[in-house]
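Per-entry structural report
This is what each chain is made of:
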Amino acid sequence: MKLHALSILLGGSIVGDGDAEVTCCASLSKAQKGAIVFIEHPKYLPSLQECKASAVIVPPDIHSHLPSIVVKNPALVFAKALDILHPPREAGAGTHPSASVHSSATIGAGCHLGAAASIGAKSVVGANTVIHPSVSIGEDVTIGSDCIIYPNAVVYPGTIIGNRTILHAGCVIGGDGFKYVVDGNRGRVKVRHIGIVRIGDGVEIGANSCIDRAALDETVIGNGVKIDNLVQIGHNCTIGQNTVIAGSCGISGSVRIGANCILGGQVGVADHVSITDNVIIAAKSGVTGDLDKPGVYSGMPAHQVSQWRKEMAAFARGPETLKRLSKLEKGERP
Amino acid sequence: MKLHALSILLGGSIVGDGDAEVTCCASLSKAQKGAIVFIEHPKYLPSLQECKASAVIVPPDIHSHLPSIVVKNPALVFAKALDILHPPREAGAGTHPSASVHSSATIGAGCHLGAAASIGAKSVVGANTVIHPSVSIGEDVTIGSDCIIYPNAVVYPGTIIGNRTILHAGCVIGGDGFKYVVDGNRGRVKVRHIGIVRIGDGVEIGANSCIDRAALDETVIGNGVKIDNLVQIGHNCTIGQNTVIAGSCGISGSVRIGANCILGGQVGVADHVSITDNVIIAAKSGVTGDLDKPGVYSGMPAHQVSQWRKEMAAFARGPETLKRLSKLEKGERP
Amino acid sequence: MKLHALSILLGGSIVGDGDAEVTCCASLSKAQKGAIVFIEHPKYLPSLQECKASAVIVPPDIHSHLPSIVVKNPALVFAKALDILHPPREAGAGTHPSASVHSSATIGAGCHLGAAASIGAKSVVGANTVIHPSVSIGEDVTIGSDCIIYPNAVVYPGTIIGNRTILHAGCVIGGDGFKYVVDGNRGRVKVRHIGIVRIGDGVEIGANSCIDRAALDETVIGNGVKIDNLVQIGHNCTIGQNTVIAGSCGISGSVRIGANCILGGQVGVADHVSITDNVIIAAKSGVTGDLDKPGVYSGMPAHQVSQWRKEMAAFARGPETLKRLSKLEKGERP
C-alpha cells in the first residue's frame, strides 16, 4: 500500500514521499524495508535514524528523515495501522466435524466452531462469533455476535455474553461461587448457586481468569471492561464499564467496582467492598474497606497514595529512627 | 409447593399463610411472586417490606408481614431450600460419542461422560459421577462415586479421588512438582515425580487451581477441604480435613496445614512450613515459619493478628513519628 | 537390579552387600523391601535406622547399616536413580482417531497425539514429541523434538518452541498482550499483537501459567528456564536462560530478567523493569525499578534483603518506639 493511501485511512498529513510502499508494522529495532513504525518522543530519534523502516508515524513536533504520517496521537494511529496492515486470520465459517452442538442450540450465520468444541442445549451463539477448539459452552448460554472464544475456555450454563467480547484461552466463566454454611453436624454445606454471569459488549477476559456466577442474581461485567490473565472475580461482583483489571488480581465476593477504574497487578479486594468510579489502585495493594472518592490508592489496607508514600519513606528510615531514639534516651544530642 | 410442605422438609415453624405457593428462591431485591427469601438481621426489614416474595425464612426474633418459616439458622435453611427448589440439572447417564474411554478403564453405573472427554488406561470411575466435556483423565486414576468434574479439568495419572468431590473447570490435579537438582555441568536436572495426589471425600477444588503430586509419596487433600479458584498447592503438601483455602493462595511444597483452618485470599506459605489445626490466616499474609498455636495470624511474616494491628498502626504514624523525633532532637517540647 | 549394577550407572562406590536387589525409589518413611532411599544429613540417621529400604545413597561422611552407594551429591544421584528405576510411561507413537491435524501440518516421526488434540495449519511438530488429549495448537506453530505437552495446554498461532521442553496442563502460550490505547470517542482500543512467543530448549512451563506474545517482536523464554504453576508473563518480556520463577508470580509487560535468576512465589514485577543476571528475589516482593547488581532482594519495592530485614525489625518494634517517644516527650528517662 502506498503511504498516501494509508494516510487517507488513518488520517494525518504526509511529510516526504507519499509513494513509499508500506506492507507491515514493525518495531524500531526489527523493522525492515516496507515496514512502518511510530515514535512519540524525540528521545527515540537516534533509534529511528538507524531504523530500516520505509515510513514512520510521528507527532507534529518531530521531524524525521523517513516518509512520515504526522498525527496527534501516534500510538493510537499505529494501532489503527496494525488493524489495516495485519487483518486477523479468517477462521472461516463452519463447524468442525469433531465439534458437538446440541440439537436445540442455535448457531448464528458465519460462526466458526473449532475441533472438539461443544455447545450445550438451548444455547444461542450470535453471528460471526468464532469458537476455537475444545471450548466448552454449557446449556442455556447466550453469546452475542462477533465474539472470539479462544481454545479451552469454559462457559458454565446460563451465562449471558454481549457482542464483540473476547474470552481468552482457558478462562472459566460462571463457576460456582465459594460459599458454604456451617451445619453443626455435617460441617460445611455447599450453597447451590442459581445465579449467572452477565458480560457486556466489547469486554476482554484474560487467559485462565475465572469469574464466578452469582449465588442468586447476577455477577455483572460491564461494557468495555478489560480483565487480564489469571484474575479471580468472586460471585455477585459488579465491575463497572471500561474498568481495567491487571493480571493476578483477586476480587472477593459481592464487590462493587465502579466505572473507569484501574487495578494494578496482584491487587486483592475483600468481600462486600464498594469502590467508586475513577479509582486507581496500585499493584499489590489490598483493599479492605470502601473507597468512596476517586483517586489513587496504595498499600495494605489501601489508602491515599500520597500518604502511603510518606509512610513507606518513614518505614525505610525505621532502623535510623531506632538509633536516633536510643541517642536521645541516653541524653545525647544528634 | 405449599409453604407448609416446604417447612416439613426444612424444619421450623410456620407463621402466617402455610398455603402460600413457593416455587423458587430469590434475593430480596429481585424476588417476584412465588419466591422465598431469607433475612438474618432486622436491618433488612425495610428491604423485606418492599420485597415481592411470597414467603420468607426468618430467625425467631424477626417478625415479618410475609408468610414465614421460623428457624434458628436462616442461612443454613435457605441453603437447604435451594437444594429442594433448584435441583441440579440432570446430566443423564451415558457416554458422548466423541468421548474416548480406554478399553481397560472401568466406568461405574449411572456415569455421564461429556463430549471429547478422555479416560486413560486402567482408570476407574465410581457410580453416578459426572465428567463434563474435554476433561482429561490420565491412566491409573481412581475417582469415587457422585463426583462432578467440570469441563477441561485435568487429572494426571495415578491420582486418587474420593466420593462426592467436585473439581471445577480447568483445575489441574497431579502435575509434576517444581523440583530440580543442580548438576555442575548440566545445570538444573528435573526430579522425576513418582508420587500421587490423594483427594478425600466431599472436597471441592476451584477453577484453574493446581495441585502438584508428591515427589515420592502423596500430596494429600483431606475430607471436606474447600479450595477456591486459582490456588497453587505444591508437591508433598498435606491439607487437613475441612480446611478452607480462598482464591489465589500459593502453598509451596511440603507444607502441612492442619484441620479446620481458613486461609484468606492471596496468602502465601513457604515450603516445609507446618500449620496446626484451627488457624486463621488473613488475606495477603505470608507464612514463613511454623504456626504451632490455633489463632488468627496476619502480615509478612505472618504473626499474631493483635500484634500485627499494633505494628500497622505504628506504621501509619511513621511520618508523624519522624517529626516528633526531630522536635525532640532540637530540644523542643511537644 | 542388583545394587552393584545400579552403582555402575549412577557412579559412586558400594559399601555393604552389592548383591542387594533394588527395584524402586522411595521415601524414608514409606520405603519397603526392594526400595532405595537417600539421605544427605546425619540428622536423618534415626529415620534411616527404622526404614525398611534395601539400600541407601549416602554422602562420604555418613555410614549406614544398609547396603550403600556412597556419592558426593546424594540428591542429584537419587534423581538419576529415579530416572533409571522409574522410566516414564511410553505414550506410544500414533495419532488418536479423535485428534484433528490440519492437512498442511507436519508431525515428526514417533510423535504421540492424544484424544481430541488439534493441530492448526502449517504447524510443525518435531520427532518424538508427545501431545496429550485436548491440547490445542494453533496455526504456524513450530514445536521441537522430544517435547511433552500436557492435556488442555493451548499454544496460539506463530509460537516457536525448542526441543525437550515441557508445557504443563492448561498453560496458555501466546495469548494477546494486555494493551489498549485510549481513543477519545471510542474508549479503549485494543492493540493488535503481531508478535510471537519464542521458547528455548529444556524449558518447563507450569500448569495454567500464561505467557503473552509480543506486540510486534518476540516474548522470549531462554533455554533451561523453569516456570512454576499459575505464573503470568506479560508481552515483550525476555527471561534469561536457566532462570527459575516460582508459582503465582506476575511479570508485567516488557520486563527483562537476566540469566540464572530465582524469583520466589507471588513476586510481582512492574512493566519495563530490567533485572540483571544472578538476582534472587524473595517471595511476595514487588519489583518496581531496575535491579542492576546481582544479589538478594526483598520487600515492596524490592531492595537489598539485608536492609529490608533491618526495616522489618524496626517495623516490628514500631509500637514500642511510639511508647519510648512519648516517654521522652514527657521528659521521662527510659
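Residues numbered from 1 in each chain as written. Chains lettered and ligands numbered in written order. Predicted model: local features only at pLDDT ≥ 70, side-chain atom pairs only at ≥ 80, totals over all residues. Heavy atoms only, no water.

**Notes on the pairing of strand 25 (residues 218–221) of chain B**
All names here are of chain B. With burial as the criterion, only one face of strand 25 is covered, namely that bearing Thr219 and Ile221; the residues Glu218 and Val220 on the opposite face remain uncovered. Inspection of the sheet shows strand 22 (residues 196–199) paired to strand 25 by four bridges, in the parallel sense. Bridge assignment links Val197 to a residue of strand 25, and that residue is Thr219. Of the strand pairs in this sheet, strand 25 and strand 28 (residues 238–239) are connected by two bridges, and their pairing is parallel. Its bridge partner lying in strand 28, Val220 is registered against Thr238. (Buried < 20%, exposed > 50% of the residue type's maximum accessible area, 1.4 Å probe, protein only. Helix = DSSP H or I, 4+ residues; strand = E, 2+ residues; numbered from the N terminus. Pairing = 2+ DSSP bridges.)

**Re the side chain of His168(A)**
The topology assignment puts His168(A) in the loop between strand 18 (166–167) and strand 19 (172–175). What makes His168(A) buried here is its relative accessible area of 4%. A polar atom in the side chain of His168(A) sits 2.8 Å from the side chain of Tyr156(C). Residue contacts for His168(A): discarding those within four places in its chain leaves Tyr150(A), Ala153(A), Glu204(A), Ile205(A), Gly206(A), Ala207(A), Tyr156(C), Asp176(C) and Lys190(C). (Polar contact = N/O pair within 3.5 Å; in protein donor to acceptor, adjacent residues only side chain to side chain. Contact = heavy atoms within 4.5 Å.)

**Let's talk about the interface of chain B and chain C**
If you look at the interface, chain B gives 59 residues, while chain C gives 58 residues. Across the interface of chain B and chain C, roughly 4500 Å² is buried in total on both sides, 61% from carbon and sulfur atoms. Contact with chain C buries area across many residues of chain B, yet Phe178(B), Arg188(B) and Arg192(B) alone supply 16% of it, more than any other trio. Counting the contacts that link chain B with chain C gives five salt bridges. The partner of Arg89(C) in a salt bridge is Asp140(B), and the shortest N-O contact between them spans 2.9 Å. Our count for the contact surface shared by chain B and chain C stands at 23 residue pairs in polar contact (both at pLDDT 80 or more). Listed by contribution, the elements that provide at least two residues to the side of chain B that touches chain C are strand 20 (180–183), strand 21 (187–190), strand 24 (210–212), helix 4 (305–316) and helix 5 (318–329) of chain B. Per element, the largest residue contribution to the side of chain B that touches chain C is six residues, and it comes from helix 4 of chain B. (Buried area = accessible area lost by both parts, 1.4 Å probe. Salt bridge = Lys/Arg side-chain N within 4 Å of Asp/Glu carboxyl O.)

**Examining the pairing of strand 3 (residues 35–38) of chain A**
All names here are of chain A. In this sheet, strand 3 lies alongside strand 2 (residues 24–25) in parallel orientation, the contact comprising two bridges. From the neighbouring strand, Cys24 faces strand 3, where its bridge partner is Ala35. Pairing analysis gives three bridges linking strand 3 to strand 4 (residues 55–58), with the strands arranged parallel. Each bridged residue has a counterpart across the sheet, and for Phe38 the counterpart in strand 4 is Ile57. One crossover worth recording links strand 3 to the parallel strand 4 by way of helix 2 (residues 45–50), and it is right-handed. (Right-handed = clockwise from strand over helix to strand, strands pointing away.)

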